[in-house]
Amino acid sequence: EARLLVIDLNLPRETVEYTLTLARQFEIDIFVIPVSGPKMARLPEDLSGVTWLIVNQDESEAYFDVSVETEEDFEGLVDRWLATGVQNVVITRGAKGSIYGNQEGDRETLFSVRTDNVVDVTGAGDSYSSGIIYGFVNGYSALDSIQFGMTNAYYTIQTEETVRMDLNEETLNNEKTQLFLKETK
């Protein structure tokens, strides 16, 4: 009866495969968050049924055994991931921004919102992923969901905590509005 499953690749490959099969069988949305390049071997080739894959450039390069040299190569990673069956993929690369794509052919390049007040980047990836999950669960568009992720990461790296102590739904919504209104000016 779960509405959503989230797995990372700290799990053994057999557990990942079983969880993906279970999600397909019961038509449960599933998010995959890899965690590191070396653990990409735990991700099977068939990713059909994966609702969202939130991955970074290094993890993508490790999975496909390629080296990204150009922007075209980076954008091509989206197509490679979609060919595995993933419904939505966002590939991050820190301060250089992200790229999003889905099976409907949507593509979006997202530029990171910069801050000079970086205290600690620990937790940035998890906060990014949790913002996307928050947006998805609450029915926001993919772009809005990614902006929630970007917002949460932006504020997380400005704290000493891995998980922000001031985080709640109202705060996240207000911060996203303020951050992205500021960026469009």
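A short tour of the structure in this document, coming up. Computed from a predicted structure; not experimentally measured. (Residues numbered from 1 in each chain as written. Predicted model: local features only at pLDDT ≥ 70, side-chain atom pairs only at ≥ 80, totals over all residues. Heavy atoms only, no water.)

Next up on the list: the overall build of the protein chain. For the protein chain, the helix and strand inventory stands at 6 helices and 6 strands. Traced from its N-terminal end to its C-terminal end, the protein chain shows the element sequence β-α-β-β-α-α-β-β-β-α-α-α. Compactness check: the protein chain gives a C-alpha radius of gyration of 16 Å against a globular reference of 16 Å for 185 residues, within 12% of the reference. Referenced to the eigenvectors of the C-alpha coordinate spread, the extents of the protein chain come out at roughly 45 × 40 × 30 Å. Counting the 185 residues in the protein chain, one finds 45% classified as buried. Taking as baseline every contact in the protein chain between residues at least 6 positions apart, the subset at least 24 positions apart corresponds to 55%. (Helix = DSSP H or I, 4+ residues; strand = E, 2+ residues; numbered from the N terminus. Rg over C-alpha atoms; globule rule 2.2 N^0.38 Å. Buried < 20%, exposed > 50% of the residue type's maximum accessible area, 1.4 Å probe, protein only. Contact = heavy atoms within 4.5 Å.)

Where helix α4 (residues 124-137) contacts helix α5 (residues 142-156), the two axes come as close as 7 Å, and the packing angle between them is 145°. Considering the relative orientation of α4 and α5, their crossing is right-handed. Judged by residue contacts, Ala-124, Ser-127, Tyr-128, Ser-130, Gly-131, Ile-132, Tyr-134, Gly-135 and Phe-136 of α4 engage Ser-145, Ile-146, Phe-148, Gly-149, Met-150, Asn-152, Ala-153 and Thr-156 from α5. Looking at the contact of α4 with α5 residue by residue, the class counts come to 9 nonpolar, 8 polar and no charged. (Axes fitted to C-alpha atoms, helices over the stretch in contact; angles between N-to-C directions. Left-handed = near helix turned anticlockwise from the far one by under 90°. Nonpolar A, V, L, I, M, F, W, Y, C, P; charged D, E, K, R; others polar.)

Most of strand β5 (residues 98-102) is tucked away: 5 of the 5 residues are buried. The two faces of β5 match: Ser-98, Tyr-100 and Asn-102 on one face and Ile-99 and Gly-101 on the other face are all buried. In textbook terms, the turn of a hairpin is the stretch between consecutive antiparallel strands, and for strand β4 (residues 88-92) and β5 this stretch comprises 5 residues, one of which, Gly-94, has a positive phi near 60°. (Pairing = 2+ DSSP bridges.)

Residue position: Thr-92 is located in strand β4. Here Thr-92 is in contact with Val-55, Asn-56, Gln-57, Gly-97, Ser-98 and Tyr-128, once residues within four sequence places are set aside.

Turning our attention to the sheet that holds strand β2 (residues 29-33). The strand order across the open sheet built from 6 strands is β1-β2-β3-β4-β5-β6, with neighbouring strands paired in mixed fashion. Two strands bound the open sheet, and with one partner strand each, they are β1 (4-8) and β6 (107-110). This sheet shows a mean twist of 15° between the axes of neighbouring strands, independent of strand direction. In this sheet, β5 lies alongside β4 in antiparallel orientation, the contact comprising 5 bridges. In the strand pairing of β5, Val-89 is matched with Gly-101. Strand contacts of helix α1 (residues 13-26): β1 and β2, with the helix running at about 165° to β1, the strand carrying the most contacts. Packing of α5 onto the sheet brings it into contact with β3 (52-56), β4, β5 and β6, and relative to β6 it is tilted by some 20°.

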